[in-house]
Amino acid sequence: MKKSRPILWLLIIATVASAGYYGWQKFGPGAGKTQTAQKGPPRPPPVPVSVAPVQKIDFPVYLTGLGTVQGFNTVQVRSRVDGQIDKLTFKEGQIVQQGELLVSIDPRPYQATLDQAKAKKAQDEASLANANLELQRAMKLGEFATAQRVDTQRSTVAQLTAQIAADEAAIANAQTQLDYTQVKAPITGVAGLRQVDVGNIVNASTQTGIVTISQVEPISVIFTAPEDQLPYISEGQKSGPLKVIAFTTDGKKTLAEGKLAVINNQVDTSSGTIRLKAVFENKDHALWPGQSVSTRLLVRTLKDATVVPDDAVQHSTNGLYAYTVNQDNKAELHKVKVSYAIDGHSVIEEGLSPGQQVITGGQFKVQPGSLVSTAVASSNPTQNKVRQE
């Protein structure tokens with residue numbers, strides 16, 4: 001019994017030591033390192049990004065510019081005779097029709113002149129009738145009348161005939177001057193602020209007008225385009241008038257659509273631009289003379305163009321680039337070449353193909369080969385402001 005006790009104690013000590021070593025290996029400081037070594041480094045989470053498809057569509061190319069609305073015709077109405085204004089028959093801001101009475105000027109002096117001319121004609125007609133009778137009598141006398149008398153009487157008849165023609169011209173002139181006392185609208189348009197009142201004296205020689213009338217249906221817009229775009233504009237006009245869209249100056253609201261009517265006959269060498277004139281029907285009067293607008297001139301349409309959202313195109317010291325997402329949800333970098341950029345969309349000449357998914361948001365966290373999680377962004381192309389790269 002005494003000999004077996006040391007052996008028992010040795011067995012107990014060995015068992016406890018084995019258990020301690022196993023626990024130290026399992027739960028000691030080196031246990032986590034061993035497991036970590038077996039699992040490897042932690043994998044970074046996917047980068048959240050927004051994507052949109054690369055599309056192949058017909059892409060309209062617009063030239064943008066700033067323009068000024070002008071009345072299709074603008075007339076400053078002036079008096080063509082002197083006199084006092086008796087009546088104003090128009091209201092400021094109203095639409096007046098061509099031939100509509102605007103102002104009445106005191107007609108009495110001109111009526112008197114007309115009556116005088118008519119009386120003079122009647123007097124000369126009576127003298128002509130008497131001269132004709134005298135000529136007939138002289139001719140009936142035959143050889144008893146001298147040739148001198150007959151010739152003199154014929155001359156008198158001719159003079160009085162010419163005088164009546166002059167009287168008729170004087171009557172026509174007097175009638176014209178009388179008609180000028182009724183000032184009528186020369187065109188259909190909107191009357192501006194009047195510059196005279198009833199009782200004012202107007203003169204034909206003064207530069208101050210009575211009112212300004214602007215034709216607003218149709219109406220025109222004068223704008224400019226770079227001279228290097230002139231060949232494209234001229235080429236586009238061969239197939240018909242080019243479409244022009246007028247916007248508010250901030251480009252947010254469409255005002256009207258019209259057609260390019262005139263290309264100016266020379267380029268402005270100081271600015272390198274060409275002046276253009278577009279015509280709009282303007283039935284709703286959205287355009288108003290003197291208004292500043294932003295213009296879009298449709299020069300051409302690119303067939304089957306490769307288009308991506310503007311947000312997909314990034315800038316770097318090495319040029320333009322874009323990220324795409326491959327089948328493994330990893331980012332790939334592509335160098336791209338952009339020909340045109342529109343509000344929200346760009347035309348890609350090189351670097352991308354239709355059907356690829358481009359990253360439009362979250363690129364600042366993306367590196368080539370990064371794992372990404374995607375959300376689809378809107379890709380409907382807008383056709384507003386256009387600029388050429």
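This is a predicted model, so every value here is computed, not measured.

Caption draft 1: View of the sheet that holds strand β10 (residues 211–214). Strand order in the open sheet formed by 4 strands is β3-β10-β8-β5, and the pairing between neighbours is antiparallel. Looking at the sheet topology across the chains shown, the edges are occupied by β3 (74–77) and β5 (95–96). Relative to strand β8 (residues 189–191), β5 is paired through 2 bridges, and the arrangement is antiparallel. In the sheet register, Val-96 faces β8, and the bridge partner there is Gly-189.

Caption draft 2: Region of interest: the confidence of the model for the protein chain. Scored by pLDDT, the protein chain has a mean of 84; 83% of the residues are at 70 or more. Confidence scores differ between elements of the protein chain, with strand β23 (residues 386–388) showing the lowest mean pLDDT of 40 and strand β6 (residues 101–105) the highest of 95. Contacts from residues 381–389, a stretch scored under 50 in pLDDT, to residues over four places away or in other chains number 31 contacts.

Caption draft 3: Highlighting the pairing of strand β15 (residues 292–309). The element β15 is largely enclosed, with a buried count of 13 among its 18 residues. Both strand β12 (residues 243–247) and β15 contribute to a ladder of 4 bridges, which runs antiparallel. Residue Ala-246 lies in a different strand from β15, and its bridge partner there is Thr-295. Across 3 bridges, the pairing between β15 and strand β20 (residues 345–350) is antiparallel. Note that in β20 the partner of Val-307 across the bridge is Val-347.

Caption draft 4: Spotlight on the sheet that holds β6. Spatially, β7-β6-β4-β9 is the arrangement adopted by the 4 strands of the open sheet, whose pairing is antiparallel. With one partner strand each, in any of the chains shown, β7 (182–184) and β9 (201–202) form the two edges of the open sheet. Sheet topology note: the β6/β7 ladder contains 3 bridges and is antiparallel. Bridge pairing in β7 places Ser-104 opposite Gln-182.

Caption draft 5: Layout of the pattern of salt bridges. Enumeration over the complete set of coordinates arrives at 9 salt bridges. The salt bridge involving Asp-106 is made with Arg-108; its shortest N-O contact spans 3.0 Å. For Asp-106, a relative accessible area of 14% corresponds to the buried category.

Caption draft 6: Layout of the packing of aromatic side chains. Here the structure, examined in full by the defined rule, presents 1 aromatic pair. Arranged with centres 5.8 Å apart and planes meeting at 85°, the rings of Tyr-321 and Tyr-323 form a pair that is edge-to-face. When the ring centre of Phe-72 is taken as reference, the NZ or CZ atom of Lys-277 above it lies at 5.4 Å.

Caption draft 7: Main features of unusual backbone geometry. Note that the residue after Glu-217, namely Pro-218, is joined by a cis bond; omega there is -5°. Relative to the assigned elements, Pro-218 resides in the loop between β10 and β11 (219–226). Backbone geometry at His-285 places phi at a positive 60°, although glycine is not the residue there. Its identity is not glycine, yet Asn-329 carries a phi of approximately 60°, on the positive side. Note on placement: Asn-329 falls in the loop between β17 (319–325) and β18 (331–335).

Caption draft 8: Structural view of the pairing of strand β2 (residues 55–71). With 13 bridges connecting them, β2 and β15 associate as antiparallel partners. Within the sheet, the bridge partner assigned to Tyr-62 lies in β15 and is Leu-298. Strand direction decides the pairing type here: β2 and β11, joined by 5 bridges, are antiparallel. By the bridge assignment for β11, Gly-71 is matched with Ile-219.

Caption draft 9: Just the environment of Asn-132, in detail. For Asn-132, the location among the structural elements is in helix α3 (residues 108–140). With a relative accessible area of 29%, Asn-132 lands in the partly exposed category. As a C-alpha pair, Asn-132 and Val-157 span 25 residues in sequence and 6.2 Å in three-dimensional space.

Caption draft 10: View of the environment of Gln-163. Mapped onto the elements, Gln-163 comes out in helix α4 (residues 147–179). A sequence separation of 42 residues divides Gln-163 from Lys-121, and the C-alpha atoms of the two residues are 8.1 Å apart. When neighbours within four sequence positions are excluded, Gln-163 is seen to be in contact with Lys-120 and Asp-124.

Caption draft 11: Region of the structure containing the side chain of Ser-294. Its location among the elements puts Ser-294 in strand β15. Among the polar contacts listed, one links the side chain of Ser-294 to the side chain of Arg-296, at a separation of 2.3 Å.

Rules used in this analysis
Residues numbered from 1 in each chain as written. Predicted model: local features only at pLDDT ≥ 70, side-chain atom pairs only at ≥ 80, totals over all residues. Heavy atoms only, no water. Pairing = 2+ DSSP bridges. Helix = DSSP H or I, 4+ residues; strand = E, 2+ residues; numbered from the N terminus. pLDDT = per-residue confidence, 0-100. Contact = heavy atoms within 4.5 Å. Buried < 20%, exposed > 50% of the residue type's maximum accessible area, 1.4 Å probe, protein only. Salt bridge = Lys/Arg side-chain N within 4 Å of Asp/Glu carboxyl O. Phe/Tyr/Trp six-rings, centres within 6.5 Å; stacked < 30°, edge-to-face > 60°. Lys NZ or Arg CZ within 6 Å of the ring centre and 35° of its normal. Polar contact = N/O pair within 3.5 Å; in protein donor to acceptor, adjacent residues only side chain to side chain.

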